[in-house]
Amino acid sequence: MSILIRNGRVIDPSSKTDAVLDVRVKGDRVADISPALAAQAGDEVIDASGYLVTPGLIDPHVHLREPGQEHKETIETGARAAAAGGFTTVCCMPNTSPALDTPEMLEWVLAKGSSAACRVFPVMAATKGRQGEAITEIQLGAKAGAVGVSDDGDVIASASMMKAVLAEAAAADLVMMQHAQETTLTNGSVMHAGEVSLRLGLTGWPREAEEIIVERDCRLAAITGARYHVQHVSSAGTVEILKRWQARGARVTGEASPHHLHLTHHACAGPDGHTPTPAAKMNPPLREQADVDALRQAVADDVLTVLATDHAPHTADEKNAPFADAPFGIIGLELALPLYAEALVHSGLIDWPRLIALMTTEPAKLCNLDRLGLGELKVGGPADITIIDPDAEWTVSPDTLAGKSVNTPFMVRTLKARAIRTICRGVARSSLSPRGRGPG
């Protein structure tokens, strides 16, 4: 199979390329990147005039729900949603049933993902059953294909266990991804602790529940020399903690999610300000405008160096339950690119090359995927490419989504920018197919 992409603005942050060029794909590799390449017999020619041609986007934090919760999502449907959103690689979290806590479970995910619409890599549970009581075989997990360790969905509450996990992760050269939540401060909590939770009569979730864990863990990461990554940062205070420890030389990073860059706790009260709205129920919760502003600035300042969706599909019945009973989380794979662009590029905080880096080279380094050549667009490298129309305007609706679930507070919102073609392993897929069919 041969593909010729013509006249696109090629952005490859790893080589600092930003120029109008042609890209030729042969098989599953990039064969040439040059101006004015001649078409050859058998080429599929894609006119990318006015579009961005980038390395395939990478999301290091998704929930594919398989095994155990296939009614919400599967590896197949989650990968389909990823490809529709421009992602050629996703890293799936281990909070499945059973948990991804053995080398055999990791190998099962890799086998299931081998025929999916994008590459799927597993993140291994840090503790057995994600119970926080016994460490998993992290070094064997690394050999089996784990790209990180995490008990995501649950915090590692014990400091001694966390120190042991960090030491093992460092020995295996894997990043430890923490869901930062001091659970003794969040018993029964369902949304941010503030004036909206008081108005709605819902139990509030304070910022310090996140910040206390991050402060503790950064200290432990500095002691062990491990790479430590804070998932879905929600608090301005967490940003300040990370900034301080980064200045001290600790190998600590953090990620921002689309919803935390856009929404505040007011979204939990609906348009009238008084109706609890489960579509906006997140973990960690949506906070205040000052937190949104701090997170956006932290991305611009390179304190938060990764963008990750925390894609969390649920069925309509589950999400339509009373607020206190509804599950946390929203989908994100198909909406992330335009939401990031709106928050960061259209606002003038960063430019397109930096946004692409935050979605390609940075997550690739985090999860050791750069060793496979992922996250970059180079001759001889993997033919994982995303073609983006930066000016495309479209409205979110169930019919515009390709995944199994549609739980999002961004429904009916008009967005600008969209992946129009996703090429993974040299296979070109349309990113604009109707719901139920996924990328063609």
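Scroll up a little and you will see the structure.
Here we summarise the structure given alongside this text. Source: prediction; values computed, not measured.

1. Observations concerning the overall build of the protein
And step 1. Across its full length, the protein carries 12 helices and 18 strands.
And step 2. The globule rule puts the C-alpha radius of gyration for 440 residues at 22 Å, and the 21 Å found for the protein is close to it.
And step 3. In terms of overall dimensions, the protein has C-alpha extents of about 65 × 50 × 40 Å along its principal axes.
And step 4. In the protein, which comprises 440 residues, the share counted as buried stands at 60%.
And step 5. Contacts spanning at least 24 positions in sequence make up 74% of the contacts within the protein whose residues lie at least 6 apart.
And step 6. Put simply, the protein shows about 15300 Å² of open surface, and 50% of that area lies on carbon and sulfur atoms.

2. Notes on the sheet that holds strand 13 (residues 228-230)
And step 1. Taken in spatial order, the five strands of this open sheet run 9-10-13-14-15, and their pairing is parallel. Two strands in the sheet have a free side with no partner beyond their single neighbour: strand 9 (149-150) and strand 15 (306-307).
And step 2. Bridge count between strand 9 and strand 10 (residues 176-178): two bridges; the pairing is parallel. Within strand 10, the position partnered with Val-149 by the bridge is Met-176.

3. Some details on helix 7 (residues 236-247)
And step 1. Between the first and last C-alpha of helix 7 there are 17 Å, a value that for 12 residues agrees with the 16 Å anticipated at 1.5 Å per step.
And step 2. The set of residues buried in helix 7 consists of Thr-238, Val-239, Ile-241, Leu-242 and Trp-245. The buried residues of helix 7 occupy an angular sector of 165 degrees when projected down its axis, which confines them to one face.
And step 3. Contacts made by the buried residues of helix 7 are with helix 6 (208-224), strand 13, strand 14 (252-256) and helix 8 (289-300).

4. Here's the deal with the layout of surface pockets
And step 1. Within this model, the largest pocket holds a volume of roughly 310 Å³.
And step 2. Around the largest pocket, the lining is made up of 15 residues, and of these Arg-65, Asn-95, Gly-153, Asn-283 and Phe-328 lie nearest the centre.
And step 3. Looking at the lining of the largest pocket residue by residue, the classes come out as two nonpolar, nine polar and four charged.
And step 4. The volume enclosed by the second largest pocket comes to roughly 200 Å³.
And step 5. For the second largest pocket, the lining is made up of 14 residues, of which Ala-316, Lys-319, Asn-320, Val-406 and Asn-407 are closest to its centre.

5. Let's talk about the side chain of His-311
And step 1. Within the secondary structure, His-311 sits in the loop between strand 15 and helix 9 (316-319).
And step 2. Residue His-311 is classed as buried on the basis of its relative accessible area, which comes to 1%.
And step 3. Among the polar contacts listed, one links the side chain of His-311 to the side chain of Glu-73, at a separation of 3.0 Å.
And step 4. Each residue touching His-311, except ones within four places of it in the same chain, is listed here: His-61, Val-62, His-63, Glu-73, Ile-330, Ile-331, Gly-332 and Leu-333.

6. Focus on the packing of aromatic side chains
And step 1. Scanning the model with the defined rule gives one aromatic pair in all.
And step 2. With centroids separated by 5.7 Å and ring planes inclined at 80 degrees, the aromatic side chains of Trp-205 and Phe-328 adopt a geometry described as edge-to-face. Taken as a pair, Trp-205 in strand 12 (residues 204-205) and Phe-328 in the loop between helix 9 and helix 10 (336-345) lie far apart in primary sequence, 123 residues in all.
And step 3. Accessibility expressed as a relative area gives 3% for Trp-205, which makes it buried.
And step 4. For Phe-328, a relative accessible area of 27% translates into the label partly exposed.
And step 5. The ring of Phe-328 has Lys-281 lying over it, and the distance from NZ or CZ to the ring centre is 4.5 Å.
And step 6. Looking at Arg-418, its charged tip hangs above the ring of Trp-394, at a distance of 3.8 Å from the centre.

About the criteria used
Residues numbered from 1 in each chain as written. Predicted model: local features only at pLDDT ≥ 70, side-chain atom pairs only at ≥ 80, totals over all residues. Heavy atoms only, no water. Helix = DSSP H or I, 4+ residues; strand = E, 2+ residues; numbered from the N terminus. Rg over C-alpha atoms; globule rule 2.2 N^0.38 Å. Buried < 20%, exposed > 50% of the residue type's maximum accessible area, 1.4 Å probe, protein only. Contact = heavy atoms within 4.5 Å. Areas by Shrake-Rupley, 256 points an atom, 1.4 Å probe, with all protein chains shown as cover. Pairing = 2+ DSSP bridges. Expected span 1.5 Å × (residues − 1). Arc of directions from axis to C-beta. 1 Å grid on protein atoms, 1.4 Å probe; cavity = no way out; pocket = protein on both sides within 12 Å on 5 of 7 lines; lining within 4 Å. Points joined across faces, edges and corners; volume = space filled by probe spheres on them. Nonpolar A, V, L, I, M, F, W, Y, C, P; charged D, E, K, R; others polar. Polar contact = N/O pair within 3.5 Å; in protein donor to acceptor, adjacent residues only side chain to side chain. Phe/Tyr/Trp six-rings, centres within 6.5 Å; stacked < 30°, edge-to-face > 60°. Lys NZ or Arg CZ within 6 Å of the ring centre and 35° of its normal.

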